[in-house]
Amino acid sequence: MRVKTPHFWYRRLSAPAPLMEMALTPLSWAYRLGHAVNQNFADPEKAPLPVICVGNLVAGGSGKTPTAIALMQLLRSKNIVRTPYFLTRGYGGHETGPLLVDYFRHTHEEVGDEALMLAKDCFTVMSADRAAGARFAAQKGADAVLMDDGLQNTTLQRDLNFIVIDGSVGFGNGKTLPAGPLREPLNNGLLRADAFILIGKDKTGVLELLPEDKPLFNASVEVPHNAKPDPGKKYVAFAGLGRPEKFYFQLQHLGLEVVGWHPYADHYPYAASDLQKLSDEAREKGAVLITTEKDYRRLPQGDFGTIAHLPIELLWQNEEALVAFLRQRLSP
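Report on the accompanying structure. (Residues numbered from 1 in each chain as written. Predicted model: local features only at pLDDT ≥ 70, side-chain atom pairs only at ≥ 80, totals over all residues. Heavy atoms only, no water.)

Counting its regular elements, the protein chain contains 10 helices and 13 strands. For 332 residues, the compact-globule estimate of 2.2 N^0.38 gives 20 Å, and the C-alpha radius of gyration of the protein chain, at 20 Å, lies within 12% of that figure. Here the C-alpha coordinates of the protein chain stretch approximately 60 × 50 × 40 Å along the principal axes. Of the contacts made within the protein chain by residues no fewer than 6 positions apart, 73% connect residues no fewer than 24 positions apart. Looking at the protein chain as shown, the accessible area adds up to about 16,100 Å², and 53% of this sits on carbon and sulfur atoms. In the protein chain, the 36 positive side-chain charges and the 37 negative ones have mean positions that sit 2 Å from each other. (Helix = DSSP H or I, 4+ residues; strand = E, 2+ residues; numbered from the N terminus. Rg over C-alpha atoms; globule rule 2.2 N^0.38 Å. Contact = heavy atoms within 4.5 Å. Areas by Shrake-Rupley, 256 points an atom, 1.4 Å probe, with all protein chains shown as cover. Lys, Arg positive; Asp, Glu negative; His and termini not counted. Charge placed at Lys NZ, Arg CZ, Asp CG, Glu CD.)

In this description, a pair of aromatic rings is defined by centroid distance and the angle of the planes. Scanning the entire structure with this criterion turns up 11 aromatic pairs. Centroid distance Tyr248 to Trp261: 5.3 Å. Interplanar angle 35 degrees. Geometry classified as tilted. With Tyr248 in helix α7 (residues 245–253) and Trp261 in strand β10 (residues 257–264), this pair connects stretches of sequence that are 13 residues apart. Taking relative accessible area as the criterion, Tyr248 reaches 22% and is therefore assigned partly exposed. Under the relative-accessibility criterion, Trp261 is labelled partly exposed at 25%. Ring centres 5.2 Å apart and planes at 75 degrees place the aromatic pair Tyr264 and Tyr270 in the edge-to-face group. Its relative accessible area of 15% is what places Tyr264 among the buried residues. Looking at Tyr270, the relative accessible area reads 6%, which means it is buried. (Phe/Tyr/Trp six-rings, centres within 6.5 Å; stacked < 30°, edge-to-face > 60°. Buried < 20%, exposed > 50% of the residue type's maximum accessible area, 1.4 Å probe, protein only.)

Turning to helix α2 (residues 64–77), a few remarks are in order. Taking 1.5 Å per residue as the helical rise, α2 with its 14 residues ought to reach 20 Å, and the 20 Å between its terminal C-alpha atoms agrees with that figure. Inspection of α2 places Lys64, Thr65, Pro66, Thr67, Ala68, Ile69, Ala70, Leu71, Met72, Leu74 and Leu75 among the buried residues, and these make up the whole buried set. Asn79 occupies a position one or two residues after α2 and carries a positive phi of about 55 degrees. (Expected span 1.5 Å × (residues − 1).)

Spatial strand order, β10-β9-β11-β12: four strands in an open sheet with parallel pairing. Of all the strands in the sheet, the pair left with one neighbour each is β10 and β12 (307–310). With strand direction ignored, the average angle separating the axes of adjacent strands in the sheet is 25 degrees. As paired strands, strand β11 (residues 288–292) and β12 are joined by four bridges and run parallel to one another. The residue bridging Ile290 from the neighbouring strand is Ala308, located in β12. Set on the sheet, helix α8 (residues 272–284) makes contact with β9 (234–240), β10, β11 and β12; between it and β10 the angle comes to about 165 degrees. (Pairing = 2+ DSSP bridges. Axes fitted to C-alpha atoms, helices over the stretch in contact; angles between N-to-C directions.)

Attention now goes to the pairing of strand β2 (residues 84–88). On a regular strand, each side chain points to the face opposite its neighbour's, so the side chains alternate between the two faces of the sheet. Counting buried residues in β2 gives five out of five residues, a clear majority hidden from the surface. Burial of β2 is two-sided: the residues Pro84, Phe86 and Thr88 facing one way and the residues Tyr85 and Leu87 facing the other way are all buried. Of the pairings in the sheet, the one linking β2 to strand β5 (residues 144–148) comprises four bridges and is parallel in character. If you follow Phe86 over to β5, its bridge partner there is Leu146. Relative to strand β4 (residues 124–126), β2 is paired through three bridges, and the arrangement is parallel. Across the sheet, residue Thr88 finds its bridge partner in β4, namely Met126.

This next bit is on unusual backbone geometry. Look at the link from Gly97 to Pro98: it is a cis peptide, with omega at 5 degrees. Cis rather than trans, the peptide bond between Leu177 and Pro178 has omega equal to 0 degrees. Even without glycine at this site, Asn79 takes up a positive phi of about 55 degrees. Position of Asn79 among the secondary structure elements: in the loop between α2 and β2.

The strands that make up a sheet are held in pairs by hydrogen bonds between backbone atoms, and each pair lies either parallel or antiparallel. If you walk across this open sheet you meet the nine strands as β3-β4-β2-β5-β1-β6-β7-β8-β13, and the pairing is mixed. Strand pairing shows two members of the sheet lacking a second neighbour, β3 (99–100) and β13 (313–316), which therefore form its edges. Summarising the sheet, strand β1 (residues 51–55) and β5 pair through four bridges and their orientation is parallel. From the neighbouring strand, Val54 faces β5, where its bridge partner is Asp148. Of the strands in this sheet, β2, β3, β4 and β5 are in contact with helix α5 (residues 130–140), which crosses β2 at around 155 degrees.

Written as structure tokens, this is what we have:
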């Protein structure tokens, strides 16, 4: 069973903590202790090639995967490395790997939806064991791996850690799981970062928390111009993300008429019955179903009518500075 992100994780800090958050706070202390023990006894393996990590400090919904894809495009287009591969654990898939993801042959049940999104763009290794995955990528001819997620992973050393931050929510209420969204104590993560990527405008004052001696790169998430939906139609929207409301707000920003909205938990495994209900609603309202590209890859087969999906891309605001930073850190 997948659980939706609790609203209090991202409450305004000026608002009082709800009872559920206070009740879960002792468990967050236990989580912090377990994390500290895990980190202190870790013995990460040094990979035979450079490892770049695109991670975050909160559980889900910060934009790691589109950021990883945009970074990969820079690495290749600017010839910073010759043959970079993606490395992912394949969350949601039952395969353990290491294996080379085949975009046309593998399914999301096997390798997860994020692995398929990455494999559409570049060679992708899926491996539950990140260290084994890095070795496998090197054997396949990679000269660097870009790891989507894995900042808290203890099995593999990283040469460069990027922390992705969603400017609209920052680090939430500042508490660790399960009382808040943090995967580890904030100060620990900030110390291990080599650079930060802020998506969108800072609406929570997160910039005041970042170390001044570490670079910050800004970006925005946009819908490609040639992929924008028809504004003359009505839509029944649904999404299973860490924060599915981001998709709803994006549709509003595009000026679309959303006549139905259904949020699901992150990586929600859609069943045919789910799609049938959504399809029936869309038919009754004279609307088209629409979801995210990530969700689209998890949809079951069936006759559910037209289902539109919304691709997104990350656009850099200071690309030249980022390219210079990558060259400096990854030069032999």
